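Chain residues, written in single-letter form:
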Amino acid sequence: MDRNTAERLLIEAKSMNESAWIQHSYHVARLAEKIANKAGMDHEKAYILGLLHDIGRRNGNMQARHALEGFRFLSDIGFDEGARICLTHTFQYKDIEAIYDTWDCTNAEKHFMAEYLNDVTYNDYDKLIQLCDALSLANGYCYAEKKMVNSVLKFGFKDTTISKWKAILELKEYFDTKINGDVYLLF
């Protein structure tokens, strides 16, 4: 997958479901590219993965299901690494209940996602897109704490919320160390 193809896929997705997720995806991609560049990672790959992490939303308004829809779509076109990110980006730690969204998948689909997460070892690209997703809104970047509060106000507080917050803050610390600085300064 190259940058032009990824951007073309997002433009196509926008024609199918134009909403705030499109701008959010661009913000995630740009921040992932900046952090990857500073961290010695492949910044082109980071941009592409960030751009397509929510591509499942092309199929309409949905909650947790967008991760599965994106996984299926990118798997079908042979972009397995992107498909993986679609499933891992919302799970900063491996608990299938640790989502802000509500479940709009069948039990079998939820089970598939749980098994997939259990079988994968997160790499730096999984972690990077998880972090950038947690720092990006449709209208720009924000501190993790702001997005955390916004998500709880939108979806409610759950038993997994504190653990999710800790995982997000650990990701920020991890990438602060990798870039020898503060990722917030890259906004």
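Residues numbered from 1 in each chain as written. Predicted model: local features only at pLDDT ≥ 70, side-chain atom pairs only at ≥ 80, totals over all residues. Heavy atoms only, no water.

A.B. asks: Quick one: what's the story with the layout of surface pockets, residue by residue and with numbers?
C.D. replies: Taken as a whole, the largest pocket encloses approximately 650 Å³ of empty space. Lining the largest pocket we find 31 residues, and of these R57, D101, K147, K154 and F155 sit closest to its centre. For the lining of the largest pocket, the leading source of residues is helix 8 (residues 144-155), giving 7 residues. Tallied by class, residues from the lining of the largest pocket come to 11 nonpolar, 13 polar and 7 charged. (1 Å grid on protein atoms, 1.4 Å probe; cavity = no way out; pocket = protein on both sides within 12 Å on 5 of 7 lines; lining within 4 Å. Points joined across faces, edges and corners; volume = space filled by probe spheres on them. Helix = DSSP H or I, 4+ residues; strand = E, 2+ residues; numbered from the N terminus. Nonpolar A, V, L, I, M, F, W, Y, C, P; charged D, E, K, R; others polar.)

A.B. asks: How would you summarise the pattern of salt bridges if you had to cite specific residues and measurements?
C.D. replies: Counted under the stated rule, the structure contains 15 salt bridges. In this structure, the salt-bridge partner of E81 is K45, at a minimum N-O distance of 3.1 Å. Here K45 lies in helix 3 (residues 43-52) and E81 lies in helix 5 (residues 80-88), a separation of 36 residues in the sequence. The exposure class assigned to E81 is partly exposed, which follows from its relative accessible area of 29%. According to the relative accessible area criterion, K45 is partly exposed, its value standing at 26%. Close ionic contact of E109 with R72 constitutes a salt bridge, the shortest N to O distance being 3.1 Å. (Salt bridge = Lys/Arg side-chain N within 4 Å of Asp/Glu carboxyl O. Buried < 20%, exposed > 50% of the residue type's maximum accessible area, 1.4 Å probe, protein only.)

A.B. asks: I'd love a proper account of the nonpolar core, names of residues and values included.
C.D. replies: Counting residues in each nonpolar core, the largest one holds 59 residues, and the members touching the most others are I35, L52, I55, L74, M113, L128 and V183. Per element, the largest residue contribution to this core is 10 residues, and it comes from helix 2 (residues 20-39). Not counting residues up to four positions away in its chain, the partners in contact with L52 are M1, A6, L9, L74, F79 and C86. (Core = buried A, V, L, I, M, F, W, Y, C linked by side-chain atoms within 4.5 Å. Contact = heavy atoms within 4.5 Å.)

A.B. asks: Can you break down helix 2 residue by residue, with the values?
C.D. replies: What sets the pattern is the α-helix's 3.6 residues per turn: residues three or four places apart point alike. For helix 2, spanning 20 residues, the distance from its first C-alpha to its last is 28 Å, which sits close to the expected 28 Å at 1.5 Å a residue. Two residues or fewer after helix 2 comes G40, characterised by a positive phi angle close to 75°. (Expected span 1.5 Å × (residues − 1).)

A.B. asks: Just give me the short version of the environment of H53, but keep the residues and values in it.
C.D. replies: For H53, the position within the fold is in the loop between helix 3 and helix 4 (65-76). Look at H53 and you get buried, because its relative accessible area is 0%. Apart from the residues lying within four places of it in its own chain, the contact partners of H53 are H24, S25, V28, I85, C86, H89, I129 and D133. Side-chain polar atoms of H53 contact the side chain of H24, separated by 3.2 Å. (Polar contact = N/O pair within 3.5 Å; in protein donor to acceptor, adjacent residues only side chain to side chain.)

A.B. asks: Tell me about the packing of aromatic side chains, and name the residues and values.
C.D. replies: Ring pairs (aromatic) are described by centroid distance and by the angle formed between their planes. In the structure shown here, the tally under the stated rule is 8 aromatic pairs. For the pair F157 and W165, a centre-to-centre distance of 6.1 Å together with 85° between the ring planes defines the contact as edge-to-face. Among the aromatic residues, those joined into a ring-pair cluster are Y141, Y143, Y184 and F187. Over the face of the ring belonging to Y125 we find K45, whose NZ or CZ atom lies 4.4 Å from the ring centre. (Phe/Tyr/Trp six-rings, centres within 6.5 Å; stacked < 30°, edge-to-face > 60°. Lys NZ or Arg CZ within 6 Å of the ring centre and 35° of its normal.)

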